[in-house]
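# Inside the fold
Residue-level listing of the chains:
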Amino acid sequence: MTNPSLDQSTKDLLDTFDRPLRNLRVSVTDRCNLRCQYCMPEEEYAWLPRDTLLTFEEMKTLVGIFTDLGVEKVRLTGGEPLLRRDLATLIRMLNQNTRIQDIALTTNGILLAEQAQELYEAGLHRVTVSLDTLRADRFKALTRRESFDRVMEGIQAVSDVGFHGLKLDTVAIRGFNDDELVDVIEYGKRVNAEVRFIEYMDVGGANDWSMDKVLSHAAILLELSEHYGPIEPVNEKSSAPAQRFLLPDGTTFGIIPSTTVPFCATCDRSRLTADGMWYLCLYAQHGLDLKKPLRTASLDEVKQQILSGWRARTDRGAEERKALETSNIRGRFIEIEKLRQDPHLEMHARGG
Ligand code: SAM
Ligand code: SF4
Ligand code: SF4
């Protein structure tokens, strides 16, 4: 459903490939309490200086400008968003914006058990927990932390406090968790969650990435159909990145085939970092600083910058990476020295 009160120029806001601006991911912090190998392979990072971060008031104002321009869905992410102190306050503030139809959160789940009630009362609509394995030893090897039990408690807390629409996001990695696909689906059934398998991507700091570690969309379907029998696609018109499928028992699940079947052609999302940089693609190497005009110019100036930024958008990052694969010249996306110089290039700075 599109917002009827937007004026015509905004409704017509399209990028160079006629993609509308509908989704905004807001990274509220770049810090994290895990060190997932595929996202933060290092132990120490150059963090965004704390005094450069947007205040909640500034985030609310920027999100308000985005929703004036057509954004309907906002996802809070990070880093680990629950490390941002008093996140529930931001959710309450965003909830005053009647143009937002959906406020969701992507979290690693560690701090969920203690915050779920407060987040629910603040008006958070939906929660997605990232869960790559059901084995505590693998969790530790992947994340280099011992927090597996806390994640399990966090997932339980989500349904206990009354949230609906819980999702579990699992990055499927060949040689790591490819033998757990069925277990994860079965676990999802038990906790009332829809599982989405994400193909491993070579974004940001994922320097250990290689194509042979990518468990493809096709391989995931094959493995699951060998266990469950025929799998049907769910026919729905959606700009969501996940393709959804139906198992013979009626269970649904999704696959986000970012690497082997990129969905750039319909991508309507952009990303705001915790310090106010706006990125038009997960793979974009340059962003637009919105904090500066927000603090030194007028809201109209910020709006004009977003309008012209989106109208000029040409990004199709995952498709371009895939094209390099086809020509056999897909190397490391960003060299480690460059990542060290600019924390914004990291996945944990711009959110997944
Ligand atoms: N810390 C939170 C979490 O893990 O849910 C939110 C931020 S995290 C960057 C968002 C999502 O990006 C997670 O689901 C994570 O699995 C995914 N992600 C990070 N690096 C990835 C990669 N190289 N390939 C695919 N997904 C990745
Ligand atoms: Fe893992 Fe999310 Fe932290 Fe990245 S930001 S290391 S995916 S928990
Ligand atoms: Fe969108 Fe960029 Fe991801 Fe393609 S690679 S789907 S353009 S964010």
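Quantities reported herein were computed from a predicted structural model and do not represent experimental measurements. (Residues numbered from 1 in each chain as written. Chains lettered and ligands numbered in written order. Predicted model: local features only at pLDDT ≥ 70, side-chain atom pairs only at ≥ 80, totals over all residues. Heavy atoms only, no water.)

### Side note on the overall build of the chain
When its secondary structure is counted, the chain shows 13 helices and 12 strands. The C-alpha atoms of the chain give 19 Å as radius of gyration, which agrees with the globular expectation for 352 residues (20 Å, within 12%). Considered along the principal axes of its C-alpha atoms, the chain spans approximately 55 × 50 × 45 Å. Across the 352 residues that make up the chain, the buried fraction comes to 57%. Once local pairs closer than 6 in sequence are excluded, the contacts in the chain between residues at least 24 apart make up 74%. Carbon together with sulfur atoms contributes 50% to the accessible area of the chain, which is approximately 15,200 Å² in total. Averaging the coordinates of the 45 positive side-chain charges in the chain and doing the same for the 54 negative ones gives two points 3 Å apart. (Helix = DSSP H or I, 4+ residues; strand = E, 2+ residues; numbered from the N terminus. Rg over C-alpha atoms; globule rule 2.2 N^0.38 Å. Buried < 20%, exposed > 50% of the residue type's maximum accessible area, 1.4 Å probe, protein only. Contact = heavy atoms within 4.5 Å. Areas by Shrake-Rupley, 256 points an atom, 1.4 Å probe, with all protein chains shown as cover. Lys, Arg positive; Asp, Glu negative; His and termini not counted. Charge placed at Lys NZ, Arg CZ, Asp CG, Glu CD.)

### What to know about the pairing of strand β10 (residues 269-272)
Side-chain direction in a regular strand flips from residue to residue, so the side chains alternate between the two faces of the sheet. Every second residue of β10 is oriented toward a common face, with R269 and R271 on one face and S270 and L272 on the other, all of them buried. Note that strand β1 (residues 23-27) and β10 share 4 bridges and pair parallel. Residue V26 lies in a different strand from β10, and its bridge partner there is L272. Taken together, the 2 bridges between β10 and strand β11 (residues 277-279) define a ladder with antiparallel strand orientation. When the bridges of β11 are listed, L272 appears paired with W278. (Pairing = 2+ DSSP bridges.)

### A word on helix α8 (residues 217-228)
Between the first and last C-alpha of α8 there are 16 Å, a value that for 12 residues agrees with the 16 Å anticipated at 1.5 Å per step. For α8, every residue scored as buried is listed here: H217, I220, L221, L224 and Y228. Buried residues in α8, looked at end-on, bunch into an arc of 95 degrees, giving them a common side. On the buried face of α8, the contacting elements are β5 (167-172), α7 (181-190), β6 (194-199), β8 (243-246) and β9 (252-256). The positive-phi residue at the C-terminal boundary of α8 is G229, with phi of around 100 degrees. (Expected span 1.5 Å × (residues − 1). Arc of directions from axis to C-beta.)

### Some words on the nonpolar core
One finds L76, L224 and F253 to be the most contacted residues of the largest nonpolar core, which totals 107 residues. When near neighbours in sequence (up to four residues on either side) are disregarded, L76 contacts V26, V28, P81, L87, L90, I91, L94, A104, L105 and T106. (Core = buried A, V, L, I, M, F, W, Y, C linked by side-chain atoms within 4.5 Å.)

Spatial relationships are all this shows, so hold off on functional conclusions.
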